[in-house]
Amino acid sequence: MKNIKKDATVIENIGKILLDVRRPLKERFRALFTLRNIGGELAIRCIEKCFLDTSALLKHECAYCLGQMQDSLAIPKLESILEDVSEEPIVRHEAAEALAAIGLKTSLPVLRKYINDPCVEVSETCQLAVRKMEECDTDENAQSENPFQSIDPALPLPKASYDSIDQLEKILLDDSQPLYRRYQAMFSLRNINSKESAVALAKGLSCGSALFKHEVAYVLGQMQNEATVKQLAGVLFDETQHEMVRHECAEALGAIATDECMDILNRYLKDEKRVVRESCEIALDMCDYENSKEFQYADALIKAMS
């Protein structure tokens, strides 16, 4: 990876793969994650060009990667995506979350502007983002407790504020609690990273808003616990669920990557919702990765270019 960082031509070629609509989506995703891992201005500019694509899933993932890179150079583009009300909600939501992940308070005005957005998923994301940035200045100790190294939309609850998984589960499932506090309980359960905490989290797939359930599915994918396959599959099967939730359940199944997960995902490769069927395609590629000897998700792409 060090040699790639020094070679602008290689970065540009990876960017071309990301932007090439003729290539399989799984190759474009691997290109995206390669650029995220490389970082820097050139990689960011390559990712930003992809927001012209027709795939909401790919654009959503571009916004996610820009947030995880935590580079302020991406802020203008992310703000413009959030402000574009013609953009798909799943992409606008991810742009708002990415701004919070970068964490510069200069983004607060645009996030506050959309706290009451007509799209609930965007509105709730902005509420969470503002709450984290205004009231929860980055706590390095809390961040270091995250075994998954992701930049999350809420910090976990202080350990002194709860004494059991059951207590965290009650907060997670309590609709009367502020959404941010329920997210805190969610990430506390994830960080415990046990079968018991995963099962408790999976109960969140049956309550709350689409945004809330999609985040539950996301953290279950991080945990990769086989005890939650049945619950994730049940939501993917349910076509009345928001596509945002079903897509995240598909990707979580791809991360868990058992034979059962692969069978489930293959059943939905032709789903009516584009974001769902594309998620299943990417999830199956993730299954291949999880069951391979590749050190990083993007290794196959790098090898092909060498």
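- Looking up the chain in an unreviewed UniProt entry gives the name Deoxyhypusine hydroxylase, with the organism given as Araneus ventricosus.
- Under Catalytic activity (unreviewed entry), UniProt gives the following word-for-word description of the chain: "[eIF5A protein]-deoxyhypusine + AH2 + O2 = [eIF5A protein]-hypusine + A + H2O".
- UniProt, in the comment section headed Sequence similarities (unreviewed entry), describes the chain in these words: "Belongs to the deoxyhypusine hydroxylase family."

1. Topic: helix α7 (residues 89-102)
Part 1 of the reasoning: Over its 14 residues, α7 extends 20 Å from the first C-alpha to the last, a length consistent with the 20 Å expected when each residue adds 1.5 Å.
Part 2 of the reasoning: Counting buried residues in α7 gives 13 out of 14 residues, a clear majority hidden from the surface.
Part 3 of the reasoning: Looking one or two residues beyond α7, the residue adopting positive phi is G103, at roughly 85°.

2. Focus: the domain arrangement of the chain
Part 1 of the reasoning: Here the chain is described as being made up of domain 1 (1-142) and domain 2 (153-296).
Part 2 of the reasoning: Taking the mean C-alpha position of each, domain 1 and domain 2 sit 21 Å from one another.
Part 3 of the reasoning: Tallying the contact residues gives 25 residues for domain 1 and 28 residues for domain 2.
Part 4 of the reasoning: Both sides of the domain 1 and domain 2 interface together cover about 2,400 Å² of buried area, and 61% of this is carbon and sulfur.
Part 5 of the reasoning: In terms of surface lost to domain 2, no three residues of domain 1 exceed R30, L57 and L128, which account for 25% of the buried area on that side.
Part 6 of the reasoning: One can count one salt bridge joining domain 1 with domain 2.
Part 7 of the reasoning: Put simply, D285 and R30 hold a salt bridge, and the shortest N to O gap is 3.0 Å.
Part 8 of the reasoning: In this assembly, domain 1 and domain 2 are joined by six residue pairs in polar contact (both at pLDDT 80 or more).
Part 9 of the reasoning: Of all the secondary-structure elements, those providing two or more residues to the side of domain 1 that touches domain 2 are α3 (25-38), α5 (56-69), α7 and α9 (120-135).

3. What about the pattern of salt bridges?
Pairing is possible between side chains that carry opposite charge, provided their charged atoms lie close to one another.
Part 1 of the reasoning: Taken as a whole, this structure holds 17 salt bridges when the rule is applied.
Part 2 of the reasoning: As a salt-bridge pair, R274 and E278 come within 2.7 Å of each other at their nearest N and O atoms. Placement of both R274 and E278 in helix α18 (residues 274-290) is noted, with a separation of four residues, approximately one turn of the helix.
Part 3 of the reasoning: Judged by relative accessible area, which is 10%, E278 ranks as buried.
Part 4 of the reasoning: When salt bridges with common partners are traced through the structure, they connect D20, R22, R23 and E27 into a single cluster.

4. A look at helix α12 (residues 179-192)
Part 1 of the reasoning: Relative to the 20 Å expected for 14 residues at 1.5 Å per residue, α12 spans 20 Å between its end C-alpha atoms, a close match to the ideal helical length.
Part 2 of the reasoning: All buried positions along α12 are accounted for by L179, Y180, R182, Y183, Q184, A185, M186, F187, S188, L189, R190 and N191.
Part 3 of the reasoning: The secondary structure elements touched by the buried residues of α12 are α9, α11 (165-173), α13 (195-202) and α14 (210-223).
Part 4 of the reasoning: Count one or two residues on from α12 and you reach N193, which has phi positive near 60°.

Cut-offs applied
Residues numbered from 1 in each chain as written. Predicted model: local features only at pLDDT ≥ 70, side-chain atom pairs only at ≥ 80, totals over all residues. Heavy atoms only, no water. UniProt positions renumbered as here; feature names shortened; annotations may be inferred. Helix = DSSP H or I, 4+ residues; strand = E, 2+ residues; numbered from the N terminus. Expected span 1.5 Å × (residues − 1). Buried < 20%, exposed > 50% of the residue type's maximum accessible area, 1.4 Å probe, protein only. Domains from an automatic or database assignment. Contact = heavy atoms within 4.5 Å. Buried area = accessible area lost by both parts, 1.4 Å probe. Salt bridge = Lys/Arg side-chain N within 4 Å of Asp/Glu carboxyl O. Polar contact = N/O pair within 3.5 Å; in protein donor to acceptor, adjacent residues only side chain to side chain.

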